[in-house]
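Coordinate analysis (summary)
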Amino acid sequence: MVDVRKRPFYLDEEEEKWVRETRDKLTREQKIGQLFCVMGGDYTEEELTGLVREGKVGGVLFRPEAAEEIRKKYQALDEAAEVPLLKAANLEEGGAGAASDFTLFGWPMMVSAADDDEMVEKFAKVCAVEGRRAGINWSFSPVCDLDLNYRNPITNVRSYGSDKERVKRDTEIYVRTMQSCGMAACAKHFPGDGVDFRDQHLHPTYNSLPAEDWYASYGMIYKNLIEHDLMSIMAGHIVQAGVARDINPELAFEECLPASLCRELLTGVLRERFGFNGVITTDATIMGGYCMAAERKNALPASVMAGCDMIVFDTDFAEDYAILLDALENGLLTEGRLDEAVERILALKACVCKRNAAKGRGEELIEALRWRRECAQKAVTLVKNTAPHVLPVTRENYDSVRLISLGKDKTPEGSIRETMRELLCKRGFAVEYYDPYEDDLHGCMNLPKRRLTLYLANYEQASNQTEVRIHWCEKHALDIPRFLGEEDCIFVSFANPYHLQDVPRAKTYINAYTATKDTVEAVVEKLLGESEFQGISPVDAFCGLPDTRL
């Protein structure tokens, strides 16, 4: 039996009674249903409402759309649900993780670059308060990964950086603030992404740190959050063989499983060594990192028996539900472990669905856009400037600016290069766009002497890709910064802090971490000397390469 009076639930007598009575009312079929958090958009409204009414669903996540639409969908499900639902979102970058018309505040690395604890608190408030306004009560955040490998395509700006003390401090502030606003936090991706250069969405990946180093870094971060009442943890499809074998020395390397299936990591480390009493979920079980690790009919019950309380997303709900029901019949899943998982899920619901519901739905006043502007101003980082005559950019030095756009030319408010053009034109510069396909290979003697070339790169991290690199024009790579000795050039990255690996000889390089109108405006002000660069890089933007500092 789970002690729901203890950390992180702290239920009172009445709440504990509700958990026990609700558990006892549920049929075996409904208990199995509590273990599933489904992706709402995979079903018709009638299908999903039916599953909820039958008690076959414990949680739901809808991908972002207009907040009013999200609220309507959840209202219909709430009316059908006998047991309250966990309503999830990936609130990693602001309220935009819940609803498309809410605030894209910035990626965690941008918040970290501001180097301001109060800014982390403001960021977490925007995530929690706007999330609750959309009806969300459970956030799959914070990202607790350390960005130790600049080649990793998925961690990147989703993380608070590579410094373990900074990540420890920022995630603690985030969890404390979010949960004080009535939103349950779910830290991810245990045992930690960012060591491997590959993406667990595509296949199992590895956190290859020795056990001692893991406990002193990733382990320290999770243990700290547990001691600060973190309510839930998401287990990634990431193998940590050193730690698993530290718990079970007889385990062979090839027997080590991803955390989402690994008893040594979930029960041995989280439950027994760290004393975690909250909910453990899998990461999405549709991911290659899960599907490739074990046969599904064995994997799903093995995840629960290993320590996972909830299964996030399904490849085929009817099939996955039947697998767990069959596992209960044939002994791969025990009644005791099922009841334990259900108790934790209900305890979490007692906190966020019942207790916090009385607090209202996100009524707290926040100044999301003003805080976002403030964060952008503090975060934009001058990483490299070996051509000091370039900054500040003035009309005395340059008549015109040539804009070269790389990657996605888009912010929530419109075009990056169009916003940049408007801001520069207002300050008296002639601005031109460069299209390499309309150019030809040429020499350097006739380059305009009073023209500045400004690169605007926006290559975002994303799942299901193998790299985040610059893809140059196929026509002679005419858009590369080629004549660095003959013309002045500034490179600005709006999404990836590691582009110096692809432009190592660029003399002036800036990281802005998130593509919003506010970061574009902040970059312009700093380029023109209207405000100072304040950001501190949360990672080694030079990628440890010998030529990037030249």
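Below is a short write-up of the structure. Quick caveat, the model's predicted, so the values are computed rather than measured. (Residues numbered from 1 in each chain as written. Predicted model: local features only at pLDDT ≥ 70, side-chain atom pairs only at ≥ 80, totals over all residues. Heavy atoms only, no water.)

Attention now goes to the overall build of the protein chain. Across its full length, the protein chain carries 18 helices and 16 strands. Here the C-alpha radius of gyration of the protein chain, 25 Å, is about what a compact globule of 550 residues would show, namely 24 Å. Scored against the burial criterion, the 550 residues of the protein chain give a buried share of 61%. Long-range pairs, those at least 24 residues apart, make up 77% of the contacts in the protein chain with a sequence separation of at least 6. Total accessible area on the protein chain stands at roughly 21100 Å², and carbon and sulfur atoms take up 48% of it. Charge-centre separation for the protein chain: the mean point of 67 positive side chains lies 3 Å from the mean point of 91 negative side chains. (Helix = DSSP H or I, 4+ residues; strand = E, 2+ residues; numbered from the N terminus. Rg over C-alpha atoms; globule rule 2.2 N^0.38 Å. Buried < 20%, exposed > 50% of the residue type's maximum accessible area, 1.4 Å probe, protein only. Contact = heavy atoms within 4.5 Å. Areas by Shrake-Rupley, 256 points an atom, 1.4 Å probe, with all protein chains shown as cover. Lys, Arg positive; Asp, Glu negative; His and termini not counted. Charge placed at Lys NZ, Arg CZ, Asp CG, Glu CD.)

Attention shifts here to the state of the cysteines. For the structure shown, the criterion picks out zero disulfides. Between Cys144, a free cysteine, and Cys186, which holds the nearest cysteine sulfur, the sulfur-to-sulfur gap is 9.4 Å. Note on Cys489: no disulfide assigned, nearest cysteine sulfur contributed by Cys444 at a separation of 15 Å. The exposure class assigned to Cys489 is buried, which follows from its relative accessible area of 7%. (Disulfide = S-S within 2.5 Å.)

What follows covers the pairing of strand E7 (residues 232-235). Side-chain alternation along E7 places Ser232 and Met234 on one buried face and Ile233 and Ala235 on a second face that is also buried. Sheet topology note: the strand E5 (residues 184-190)/E7 ladder contains three bridges and is parallel. Among the inter-strand pairings, Phe190 is bridged to a residue of E7, identified as Ala235. With four bridges connecting them, E7 and strand E9 (residues 279-282) associate as parallel partners. Looking at the pairing, Met234 lines up with Thr281 of E9. (Pairing = 2+ DSSP bridges.)

Look at helix H1 (residues 13-25) against helix H15 (residues 335-355): their axes get within 9 Å of each other, and the N-to-C directions meet at 130°. Classified by the angle between their axes, H1 and H15 sit oblique to one another. In the crossing of H1 with H15, the sense of the turn from one axis to the other is right-handed. Side by side, H1 and H15 meet where Glu15, Trp18, Val19, Arg20, Thr22 and Arg23 of the first sit next to Asp339, Val342, Glu343, Leu346, Ala347, Lys349, Ala350, Lys354 and Arg355 of the second. Split by residue class, the contact of H1 with H15 holds six nonpolar, one polar and eight charged. (Axes fitted to C-alpha atoms, helices over the stretch in contact; angles between N-to-C directions. Parallel < 35°, antiparallel > 145°, perpendicular 65-115°, else oblique. Left-handed = near helix turned anticlockwise from the far one by under 90°. Nonpolar A, V, L, I, M, F, W, Y, C, P; charged D, E, K, R; others polar.)

Taking strand neighbours across the sheet as the criterion, the eight strands line up as E9-E7-E5-E4-E3-E2-E1-E10 in an open arrangement whose pairing is parallel. The sheet is open, and its two edges are formed by E9 and strand E10 (311-312), each paired on a single side. Each of strand E1 (36-39) and E10 is contacted by helix H14 (residues 317-330), which is oriented at about 170° to E1, the strand it contacts most. Against the sheet, H15 touches strand E3 (86-89), strand E4 (138-139), E5 and E9, its axis set at about 80° to E3.

Below, the discussion takes up the side chain of Thr411. Within the fold, Thr411 resides in the loop between strand E12 (400-407) and helix H17 (416-426). Given a relative accessible area of 6%, Thr411 falls into the buried group.

For the rest of this paragraph, the subject is helix H9 (residues 218-227). For H9, the tally of buried residues reaches eight of 10 residues, placing the bulk of the element in the interior. Of all the positions in H9, only Tyr218, Gly219, Met220, Ile221, Tyr222, Asn224, Leu225 and Ile226 are classed as buried. Structurally, H9 contributes buried residues whose contacts are with helix H7 (164-180), E5, helix H8 (211-215), E7 and helix H11 (263-273). Looking one or two residues beyond H9, the residue adopting positive phi is Asp229, at roughly 70°.

On to helix H4 (residues 67-80), then. Its 14 residues give H4 an end-to-end C-alpha distance of 20 Å, which sits within 8% of 20 Å, the value for a rise of 1.5 Å per residue. Tucked into the core, H4 has its buried residues touching helix H3 (45-53), strand E2 (59-61) and E3. (Expected span 1.5 Å × (residues − 1).)

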